[in-house]
Amino acid sequence: MKGQKGYVLIAKQPFSRLLQVVLRWQVLRHERQVLASLNDDALKDIGLSRADVEQESHRHFWEDPLRK
């Protein structure tokens, strides 16, 4: 039975990592939508231009700037 328990632990890890990646993609999509909804004054406050926002909003959801 020891081998069976080890097998279950190994099988769970890839799905856990996949779930983390998918959740991160959803967070990125939401953050980019919020960024695109900010007005020009708010963007100026955080040091971004409308062109910066356009560039970021056209990135693919899997393009994660924090990915290592």
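This section reports on the structure supplied with the text.

Our next topic: the packing of aromatic side chains. Any pair of aromatic rings gets described here by the distance separating the centres and the angle formed by the planes. Applying the stated rule across the entire model yields two aromatic pairs. Ring centres of Trp-25 and Phe-61 lie 4.9 Å apart, and the angle between their planes is 75 degrees; this geometry places the pair in the edge-to-face category. Within this pair, whereas Trp-25 is found in helix 1 (residues 2–37), its partner Phe-61 is found in the segment after helix 3 (50–57), the two being separated by 36 residues in sequence. With 5.0 Å between their ring centres and 85 degrees between their planes, Phe-61 and Trp-62 make a pair best called edge-to-face. Given a relative accessible area of 40%, Phe-61 falls into the partly exposed group. We classify Trp-62 as partly exposed; its relative accessible area is 40%.

You can see His-58 is positioned in the segment after helix 3. Overall, the relative accessible area of 60% leaves His-58 in the exposed class. Separated by 26 residues in sequence, His-58 and Arg-32 have C-alpha atoms that sit 9.1 Å apart.

Pairs can form between side chains of opposite charge once their charged atoms are near each other. According to the stated counting rule, one finds five salt bridges in the structure shown. Its salt-bridge partner being Asp-40, residue Arg-50 comes within 3.0 Å of it at the nearest N-O pair. In this pair, Arg-50 is assigned in helix 3 and Asp-40 in helix 2 (residues 40–45), connecting sequence segments ten residues apart. Members of the salt-bridge network, linked through shared partners, are Arg-32, Glu-56, Arg-59 and Glu-63.

Calculation notes
- Residues numbered from 1 in each chain as written.
- Predicted model: local features only at pLDDT ≥ 70, side-chain atom pairs only at ≥ 80, totals over all residues.
- Heavy atoms only, no water.
- Phe/Tyr/Trp six-rings, centres within 6.5 Å; stacked < 30°, edge-to-face > 60°.
- Helix = DSSP H or I, 4+ residues; strand = E, 2+ residues; numbered from the N terminus.
- Buried < 20%, exposed > 50% of the residue type's maximum accessible area, 1.4 Å probe, protein only.
- Salt bridge = Lys/Arg side-chain N within 4 Å of Asp/Glu carboxyl O.

Nothing here speaks to function; it is geometry throughout.
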